[in-house]
Amino acid sequence: MLGARLVAQLLCAEAHIVLLWFVGSEPKAVIVLTAVRIVHSHDVHRPLVEPACPGLQRHCHGEGSPVPDFAGHPPGREHGAVEAIGLVLGAGGVVGGAYHAGALAALAEAVNWDARDAEVIVGTSAGSIAGAALRAGLSGADQFARATSGQLSPDGVRLVGSMAPIADIPSRPPFPRGLPLPASPQLAATALLPPWRARPVAALAGLLPAGSVPTAPIGDRIRMMFDDGWPDRALWICALRLRDGQRVVFGRDDVEVPDVGAAVEASSAIPGYMQPVAIGGETYVDGGAHSPSNADLLAGLGLDLVVVISTMSAPWTALRPSPNIGSRALASWVLEREVRAVRASGTPVLVLEPTAEDLAVMGSNAMDPARREVVAEQARSTTVQRLAHPAAADLVAHLAA
């Protein structure tokens, strides 16, 4: 049953240690062990897999040592008194969603930046839920109030006041019935045969049997917040196409989708755990199977600042021996590479990710609803402290403009 749970564990932050087998500079396989020492190389350089989209319009086509989070960078394009900010909201399950709520509330509280004003929002899995809620008009403060059973604003009451939290999603992947068959054998084969086109976790998503937990409760709640159609301001929701393991960005790529709720369902369909989502003749699973963050999508757009809230990664100094240290190390490595790409394009990046103290509160089961309130509170507190740090002043100035 290891294979049947592997990707779900990776995406839900429950995996054991992860080793990457490299051919040249690209990881070609993932090996999961129960005990091994992780060695991180700061000399890993990987080419960009996909070019950034040259604009923010919907339906555009296509798909050295690390830099500290608070390093100085050249300014982006000039906008006078208005700054163009990109926001990336990563994967992370129920616990990750709570972290997003706390961090978004902290941004409003500490620097008076309303995340609803972001020029473009990139959301993956739990981040797609938070991002869609922002585009529907639900502020970070209201998302925090909802996570902590606090008082909603009048706008929050109008949007979600009568909406009950999702309570029927199991905290762990259900045990499959019958003989488990791969959801996409052809995708799994791409990782075993040259030229190794699929990323390792994407290939494992094809190897796992289709999940059984329905995504409709997630999509239905998103649809309740939206009128028909896609929001006017850029909302890019990331999913993995199960047929070939390619990332699809709803709201950016030339791919039709019925509504925002369907896109969020696809982005949240954890392989081996939740049911894959069919849209327009294709089947999709969680965008975190491509990348837990997908921050590279904002490289080259000329934004003044990109804010990344990454709940599945952590600073290398914050990692401690734990059941999910392997998945966090992998997410940190992927995020580091993506942030380098954005910064190399001339855009500064503010990365907000769990500290060691946050990780202790978050635990190892990202789908545990009992941790929602305490994680949101913890994330708000530590994010406020980080934004107040003198080293963050230059980046925070973009948010306060």
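Residues numbered from 1 in each chain as written. Predicted model: local features only at pLDDT ≥ 70, side-chain atom pairs only at ≥ 80, totals over all residues. Heavy atoms only, no water.

A.B. asks: Quick question: what am I supposed to make of the confidence of the model for the protein here?
C.D. replies: Caution applies to low-pLDDT regions: their predicted coordinates should not be interpreted in detail. For the protein, the average pLDDT comes to 78, and 69% of its residues sit at 70 or higher. Across residues 57–81, where pLDDT falls below 50, the model places 67 contacts with residues more than four positions away in sequence or in other chains. (pLDDT = per-residue confidence, 0-100. Contact = heavy atoms within 4.5 Å.)

A.B. asks: What is the right way to look at the layout of surface pockets in this model?
C.D. replies: Over the atoms, a rolled probe matching the size of one water molecule traces out where space is still vacant. Roughly 880 Å³ of volume is contained in the largest pocket. Along the wall of the largest pocket there are 40 residues; nearest its centre are V94, G97, I129, I166 and R372. Looking at the lining of the largest pocket, the elements that each hand over two or more residues are helix 2 (93–111), helix 3 (126–136), helix 4 (140–147), helix 8 (216–225) and helix 12 (372–387). By residue class, the composition of the lining of the largest pocket is 28 nonpolar, 7 polar and 5 charged. (1 Å grid on protein atoms, 1.4 Å probe; cavity = no way out; pocket = protein on both sides within 12 Å on 5 of 7 lines; lining within 4 Å. Points joined across faces, edges and corners; volume = space filled by probe spheres on them. Helix = DSSP H or I, 4+ residues; strand = E, 2+ residues; numbered from the N terminus. Nonpolar A, V, L, I, M, F, W, Y, C, P; charged D, E, K, R; others polar.)

A.B. asks: Would you mind going over the environment of T355 with me for this structure?
C.D. replies: Tracing the backbone through its elements, the reader meets T355 in the loop between strand 10 (349–352) and helix 11 (356–362). Look at T355 and you get partly exposed, because its relative accessible area is 25%. For the pair T355 and A379, spaced 24 residues apart in sequence, the C-alpha to C-alpha distance is 9.0 Å. Those residues within four positions of T355 in sequence are excluded, and the remaining contacts are A318 and T382. Within polar-contact distance, the side chain of T355 engages the side chain of E357 at 3.1 Å. (Buried < 20%, exposed > 50% of the residue type's maximum accessible area, 1.4 Å probe, protein only. Polar contact = N/O pair within 3.5 Å; in protein donor to acceptor, adjacent residues only side chain to side chain.)

A.B. asks: Is there a simple way to explain helix 12 in this structure?
C.D. replies: Because an α-helix completes one turn every 3.6 residues, residues spaced three or four positions apart along the sequence face the same direction. The terminal C-alpha atoms of helix 12, which comprises 16 residues, lie 22 Å apart, in line with the 22 Å expected from a rise of 1.5 Å per residue. Of the positions making up helix 12, those classed as buried are V375, A376, A379, T382, T383 and L387. Along helix 12, the residues classed as buried sweep out an arc of 145 degrees about the axis, all on the same side. For helix 12, the secondary structure elements touched by its buried residues are helix 2, helix 4, strand 10, helix 11 and helix 13 (393–400). (Expected span 1.5 Å × (residues − 1). Arc of directions from axis to C-beta.)

A.B. asks: Whenever I open this one, unusual backbone geometry confuses me. Can you help?
C.D. replies: Of all residues except glycine, most have a negative phi; of all peptide bonds, most are trans. Phi is positive for S125, which is not a glycine, with a value near 55 degrees. For S125, the position within the fold is in the loop between strand 4 (120–124) and helix 3. One non-glycine residue, N294, lies in positive phi territory at about 60 degrees. When you line up the elements, N294 lands in the loop between strand 8 (282–286) and strand 9 (305–309). By relative accessible area, which is 0% here, N294 ends up buried.

A.B. asks: Looking at this structure, I do not really get the side chain of T347. What am I missing?
C.D. replies: Relative to the assigned elements, T347 resides in the loop between helix 10 (325–344) and strand 10. Using a relative accessible area of 1% as the deciding quantity, one classes T347 as buried. A distance of 3.2 Å separates the side chain of T347 from the backbone oxygen of L303, its partner in a polar contact. Filtering out sequence-adjacent residues up to four positions away, T347 remains in contact with G302, L303, D304, L305, V306 and V342.

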